[in-house]
Amino acid sequence: MRASLWISIISLLLFLSLVACDGGSSNGSSPGAGSIESAPNLTGLDPEANDSSVLQGSDVTATFDMKMVSGSANTFVVYGSQTGRLAGIYSGDGSKTLRFDSNNKFKIGEEIEVTLTNSLTSTDDVSLELPIVYRFRTETLGGNGSFRVADTIGDQTGASALAAGDWDGDGDLDLAVSNFSTKNVSILENDPPGEFNAIDTISGQGGASALAAGDWDGDGDLDLAVAIFSTNSVSILENDPPGEFNAIDTISGQNGANALAAGDWDGDGDLDLAVSNYSTNTVSILENEPPGVFNGIDTISGQGGASALAAGDWDDDGDLDLAAAIFSTNTVSILENDPPGVFNGIDTIPGQLGASALAVGDWDGDGDLDLAVVNFSTNNVSILENDPPGVFNAVDTISGQLGASALAVGDWDGDGDLDLAVANFSTNNVSILENDPPGVFKAKDTISDQLGASALAVGDWDGDGDLDLAVANRSANNVSILENENEP
């Protein structure tokens, strides 16, 4: 009897030992030896995802339901859309809240992207089950939404796209211009503030049709990607030394490449790309691995005549999805990112006649991301509300946008919500649309004499705390700098 009891006790101890030594877990995380903890769960973000008026000097914090090991430059990654990968101080080791304090203030109205990779671990050595990627925008400090032409930069032949960023690292925002007709990209330095001068021309960009700024190599400055329609490729331009660009990679097989979007699709801490290929009715997903080198990892078919792309977390699940404007089928495709880096169509929004441009923002202030769509064929802009998350419905139509060709997002009037600007190619002007009340847009200002307005960029060019605009005028072969008046 005693021997039988002893054998039973030994068997129980062996069973418990095997359970304790099992390194697996039911939720797919990777706890260390002896751990049976579940993966950490995110319980709070500050700033919140999709916030559109975050203070410039804000720290970024993530709170979990268990104590965590401090974040690092490899596990808690913060990018500024106009500044590149941000350096800063990490804290929170041994607590439930991890903190990132940037070494520099965010830019006015800048979009910030944060990745919490699944290399973040709890103090029990349990990693996140899935990475978390989210975005927010910073505040503006004034402006009234009325604009005047402050400068005109000539010799931009066939100007077709713009990108804003602090290329030279001097603290103000510069511009890049893709010139379709002369097959090059111009780098325009902002010096003194609000006045632009060409400092570099990158040739060999045949039929450059779109630009995207991003810190592809993670070195703390902004690089560029150029969609080359005529050569069916994307050119990667490295910014090194600051303000000087060199082609370091060419991604071929992008047939009729005409739009780009940047984002950390796979949640590994670097910025990837998406390319719309008009000629093959596809969208290519390009993984950035190793940093600065791109490889195709997914092709999304059935995107007939895709003409614009936009990134955002439509379904609020902690990763970045895509939207594609489909010109030839008069629709917008909503593409869900699940699992990270793999996209599937989950919704098609009909009735967008000649859909040709997209913009993203929380128009109605309910915490999720909505869309705006340029409908070239019907000379209007559709406002699409995201409700429930991942499902879009048209709630407003802004008419009178003749030959609308581009959209830009910004808080022009400094009231804390996001407004719109529309480049109207046919009427040679830019419309400023005020968002008031939230989700309802009305005309605020019209800037005329923008001949063949075809692209827009947003930034505080003159450093006065409000958001200004730049307009690529394809017919006039120039770029206009539009200053936002500060007076009431």
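This text goes with the structure placed above it.
Further remarks concern the pattern of salt bridges. Taken as a whole, this structure holds six salt bridges when the rule is applied. Linking E111 and R137 is a salt bridge whose minimum nitrogen-to-oxygen distance equals 3.7 Å. Of this pair, E111 sits in strand β7 (residues 111-116) while R137 sits in strand β8 (residues 132-137), and the two are 26 residues apart along the sequence. Looking at E111, the relative accessible area reads 24%, which means it is partly exposed. The residue R148 makes a salt bridge to E483 at a minimum N-O spacing of 2.5 Å. On the criterion of sequence distance, the pair formed by R148 in strand β9 (residues 147-153) and E483 in strand β36 (residues 478-484) is long-range, its members being 335 residues apart.

Now for the environment of L173. Structurally, L173 is set in the loop between β10 (159-165) and β11 (174-179). Considered as a pair, L173 and P290 are 117 residues apart in the sequence and their alpha carbons are 28 Å apart. Setting aside anything within four residues of it in sequence, one finds L173 in contact with Q82, K107, G165, D166, N190, F196, G459, D460 and W461.

A few words on the pairing of strand β15 (residues 223-228). Burial analysis of β15 places six of its six residues in the buried class, the great majority of the element. Sheet topology places strand β14 (residues 208-214) next to β15; six bridges connect them, and they run antiparallel. Bridge pairing links A213 to L224 in β15. Of the pairings in the sheet, the one linking β15 to strand β16 (residues 233-239) comprises five bridges and is antiparallel in character.

Another point: the sheet that holds strand β29 (residues 392-398). Ordered in space as β26-β27-β28-β29, the four strands form an open sheet in which the pairing is antiparallel. With one partner strand each, in any of the chains shown, β26 (355-361) and β29 form the two edges of the open sheet. Mean inter-strand twist for the sheet, computed between neighbouring axes without regard to direction, equals 25°. In the sheet, strand β28 (residues 380-386) pairs with β29 via six bridges, with the strands oriented antiparallel. By the bridge assignment, I383 is partnered in β29 with D396.

Rules behind the numbers
- Residues numbered from 1 in each chain as written.
- Predicted model: local features only at pLDDT ≥ 70, side-chain atom pairs only at ≥ 80, totals over all residues.
- Heavy atoms only, no water.
- Salt bridge = Lys/Arg side-chain N within 4 Å of Asp/Glu carboxyl O.
- Helix = DSSP H or I, 4+ residues; strand = E, 2+ residues; numbered from the N terminus.
- Buried < 20%, exposed > 50% of the residue type's maximum accessible area, 1.4 Å probe, protein only.
- Contact = heavy atoms within 4.5 Å.
- Pairing = 2+ DSSP bridges.
- Axes fitted to C-alpha atoms, helices over the stretch in contact; angles between N-to-C directions.

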